[in-house]
Amino acid sequence: MSDAEVLEVMTGALAIASKIAGPILIAALVIGVVVSILQTVTQIQEQTLSFVPKLVGTGVLLLFSGNWMLRELVSWITSLWGVIPRL
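This report concerns the structure included in the present document.

1. Quick word on the overall build of the protein chain
Each helix and strand in the protein chain was counted, giving 2 helices and 0 strands. The C-alpha atoms of the protein chain give 19 Å as radius of gyration, which overshoots the globular expectation for 87 residues (12 Å, by more than 25%). Buried positions account for 15% of the 87 residues belonging to the protein chain. For the protein chain, the share of sequence-separated contacts (at least 6 apart) that also reach a separation of at least 24 residues comes to 69%. For the protein chain, the computed accessible surface area is about 6,500 Å², with 75% contributed by carbon and sulfur atoms. Computed over 4 positive and 5 negative side-chain charges, the inter-centroid distance for the protein chain is 9 Å.

2. Concerning the packing of helix α1 (residues 3-42) against helix α2 (residues 47-83)
In the contact formed by α1 and α2, the axes pass within 10 Å of each other and the chain directions differ by 165°. The orientation of α1 relative to α2 falls into the category roughly antiparallel. For the pair α1 and α2, the crossing hand works out as right-handed. Counted by class, the contact of α1 with α2 contains 19 nonpolar, 6 polar and 3 charged residues.

3. Some words on the side chain of Q39
If you trace the backbone, Q39 turns up in helix α1. According to the relative accessible area criterion, Q39 is buried, its value standing at 9%. Of the polar contacts made by the side chain of Q39, one reaches the backbone oxygen of E46; its length is 2.8 Å. If sequence neighbours within four positions are ignored, Q39 has contacts with I44, Q45, E46, L49 and S50.

The rules behind these values
Residues numbered from 1 in each chain as written. Predicted model: local features only at pLDDT ≥ 70, side-chain atom pairs only at ≥ 80, totals over all residues. Heavy atoms only, no water. Helix = DSSP H or I, 4+ residues; strand = E, 2+ residues; numbered from the N terminus. Rg over C-alpha atoms; globule rule 2.2 N^0.38 Å. Buried < 20%, exposed > 50% of the residue type's maximum accessible area, 1.4 Å probe, protein only. Contact = heavy atoms within 4.5 Å. Areas by Shrake-Rupley, 256 points an atom, 1.4 Å probe, with all protein chains shown as cover. Lys, Arg positive; Asp, Glu negative; His and termini not counted. Charge placed at Lys NZ, Arg CZ, Asp CG, Glu CD. Axes fitted to C-alpha atoms, helices over the stretch in contact; angles between N-to-C directions. Parallel < 35°, antiparallel > 145°, perpendicular 65-115°, else oblique. Left-handed = near helix turned anticlockwise from the far one by under 90°. Nonpolar A, V, L, I, M, F, W, Y, C, P; charged D, E, K, R; others polar. Polar contact = N/O pair within 3.5 Å; in protein donor to acceptor, adjacent residues only side chain to side chain.

Okay, here's the thing in structure tokens:
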């Protein structure tokens, strides 16, 4: 197994990881900023107030885009298994 093949597999793994985790992280970031702004404006400093909306938002995002995420991951793993005999 050459260095180029290892780099190709690692690049694919990092690309699919960022493709799958990106929307979840962006949604949690946006929800966190909005809740923090609301907490600052209303001067309510409750810790659970920032956690629960992120949890709900992430759950809703997974509910709607989980099928796409699973298809992307399965297609990448299938292509990886197809390349193994060549390696």
